[in-house]
Amino acid sequence: MTKRYANGTLAVDGVSLEVAAGSFVALVGTSGSGKSTLLKMVNRLVEPTGGSIAIGGEPVDQVPAHLLRRRIGYVFQNIGLFPHLTVGENIAIGLRLRGEKHNDARVAELLDLIELPDDVAGRRPDALSGGQRQRVGVARALAIKPGLMLMDEPFGALDPVTRDTLGHAVRRLHGTLGLTTIMVTHDMAEALLFADRVLVMQHGRIVADATPHEMLSGA
Ligand code: ADP
Ligand code: ADP
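Residues numbered from 1 in each chain as written. Chains lettered and ligands numbered in written order. Predicted model: local features only at pLDDT ≥ 70, side-chain atom pairs only at ≥ 80, totals over all residues. Heavy atoms only, no water.

Q: Looking at this structure, I do not really get the overall build of the protein. What am I missing?
A: When helices and strands are tallied, the protein shows eight helices and ten strands. Taken over the C-alpha trace, the protein has a radius of gyration of 17 Å; the compact-globule value for 219 residues is 17 Å, and the two agree within 12%. Taking the principal axes of its C-alpha atoms as reference, the protein extends roughly 45 × 40 × 30 Å. Within the protein, the proportion of its 219 residues that are buried is 45%. Sequence-distant contacts in the protein: of pairs separated by 6 or more residues, those separated by 24 or more amount to 69%. A total of about 10,600 Å² of accessible surface is found on the protein, and carbon and sulfur atoms cover 52% of it. (Helix = DSSP H or I, 4+ residues; strand = E, 2+ residues; numbered from the N terminus. Rg over C-alpha atoms; globule rule 2.2 N^0.38 Å. Buried < 20%, exposed > 50% of the residue type's maximum accessible area, 1.4 Å probe, protein only. Contact = heavy atoms within 4.5 Å. Areas by Shrake-Rupley, 256 points an atom, 1.4 Å probe, with all protein chains shown as cover.)

Right under this line is the structure:
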């Protein structure tokens, strides 16, 4: 994959990458190294200028972008919950993306998955803590029952303790649901803690690709 933006910036420079189904991959690198661009090419928020991307053998450019977003869960840093809607209604947007009706039982099930009490469903996002809001963002992404989950700095705005709690919750979900997960982060500790495979990006290229164990043992 290559992405050169219209202003000439070469954000992703000929990356070749295969992600195994069911794995949890972290994409680590400093700001501007091309992580978000790479991630957004997977669900066609950004169109590559070279190369191609396939999910389960199917090239993504042959799937209309709105259909792709019904299959791929996407959690971004400032989750962007709608402030005037309740938590339940925010999660139901995920259901609607998938063509399902608002369904209190499904909302409760999703809240349960991310370990939030049912009574949170009736609250507005501003009545939640940052970590709780981030969980709601994850629940909304899970509502579409994705096979692939993309997360762009999902814990970026959280304090370390909340980050750890939520990180472990996401890790558990990944295991329970067998969800293929690609997480972008600038924080190597976070990558080593939660991922099975760590890819380091620099200037649009992948410069290291190893398991946390290999990285820590200097292999
Ligand atoms: P990261 O996620 O690692 O911070 P990005 O993928 O956001 O990196 O950015 C990679 C490079 O592409 C940076 O130099 C950034 O300024 C540039 N870039 C990102 N988005 C755009 C855009 N829409 N137009 C032009 N340049 C962009
Ligand atoms: P930013 O400009 O803050 O980086 P993004 O480009 O990540 O924001 O996303 C732009 C908007 O597109 C988001 O506010 C989000 O609502 C929507 N969006 C992105 N990906 C998806 C998806 N997979 N499903 C539904 N909506 C999405």
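Q: Is there a simple way to think about the environment of Gly 14 in this case?
A: Assignment of secondary structure puts Gly 14 in the loop between β2 (10-13) and β3 (24-28). Sequence spacing of Gly 14 and Lys 3 is eleven residues, and the spatial spacing of their C-alpha atoms is 8.2 Å. Aside from chain neighbours lying at most four places away, what touches Gly 14 is Met 1 and Thr 2.

Q: I keep staring at the nonpolar core and nothing clicks. Help me out?
A: Most often, soluble globular proteins keep nonpolar side chains buried together rather than apart. Formed by 36 residues in total, the largest nonpolar core has its most connected members in Ile 91, Leu 111, Ile 114, Val 138, Leu 142 and Met 149. Excluding its chain neighbours within four sequence positions, the residues that come into contact with Leu 142 are Leu 110, Leu 113, Ile 114, Met 149, Leu 173, Leu 177 and Leu 179. In terms of nonpolar packing, the next biggest core, distinct from the first, is built from 22 residues, Val 25, Met 41, Leu 148 and Ile 182 among them. (Core = buried A, V, L, I, M, F, W, Y, C linked by side-chain atoms within 4.5 Å.)

Q: Quick question: what am I supposed to make of the packing of helix α3 (residues 87-97) against helix α5 (residues 130-142) here?
A: Working note: a packed helix pair is described by the angle between its axes plus the distance between those axes. Taken N-terminus to C-terminus, the directions of α3 and α5 make an angle of 35°; their axes are 7 Å apart at the nearest point. Taken as a pair, α3 and α5 cross one another with a handedness that is right-handed. In this structure, α3 contributes Val 87, Asn 90, Ile 91, Ile 93 and Gly 94 to the contact, and α5 contributes Val 136, Ala 139 and Arg 140. Tallied by class, residues from the contact of α3 with α5 come to five nonpolar, two polar and one charged. (Axes fitted to C-alpha atoms, helices over the stretch in contact; angles between N-to-C directions. Left-handed = near helix turned anticlockwise from the far one by under 90°. Nonpolar A, V, L, I, M, F, W, Y, C, P; charged D, E, K, R; others polar.)

Q: Whenever I open this one, the site of ligand 1 confuses me. Can you help?
A: Near ligand 1, the surroundings consist of Tyr 5, Asn 7, Thr 9, Ala 11, Thr 30, Ser 31, Gly 32, Ser 33, Gly 34, Lys 35, Ser 36 and Thr 37. Here a nitrogen atom of ligand 1 and a side-chain polar atom of Tyr 5 are 3.4 Å apart. Taking Gly 34, its main chain carries an N or O atom lying 3.0 Å from an oxygen atom of ligand 1. Protein contact buries 61% of the 560 Å² of open area that ligand 1 shows by itself. With three residues, helix α1 (residues 35-42) is the largest single contributor of residues to the shell around ligand 1. Among the residues making up the shell around ligand 1, the classes are represented as two nonpolar, nine polar and one charged. (Near = heavy atom within 4 Å. Polar contact = N/O pair within 3.5 Å; in protein donor to acceptor, adjacent residues only side chain to side chain.)

Q: Teacher, can you tell me more about the site of ligand 2 here?
A: Close contacts around ligand 2 come from Lys 40, Asn 43, Leu 45, Arg 69, Ile 72, Tyr 74, Phe 76 and Leu 97, and that covers them all. At 3.0 Å from an oxygen atom of ligand 2 is found a side-chain nitrogen or oxygen belonging to Lys 40. Within the contact set of ligand 2, an oxygen atom lies 3.0 Å away from a side-chain nitrogen or oxygen of Tyr 74. Contact with the protein chains hides 50% of the accessible area of ligand 2, taken as 560 Å² for the molecule alone.

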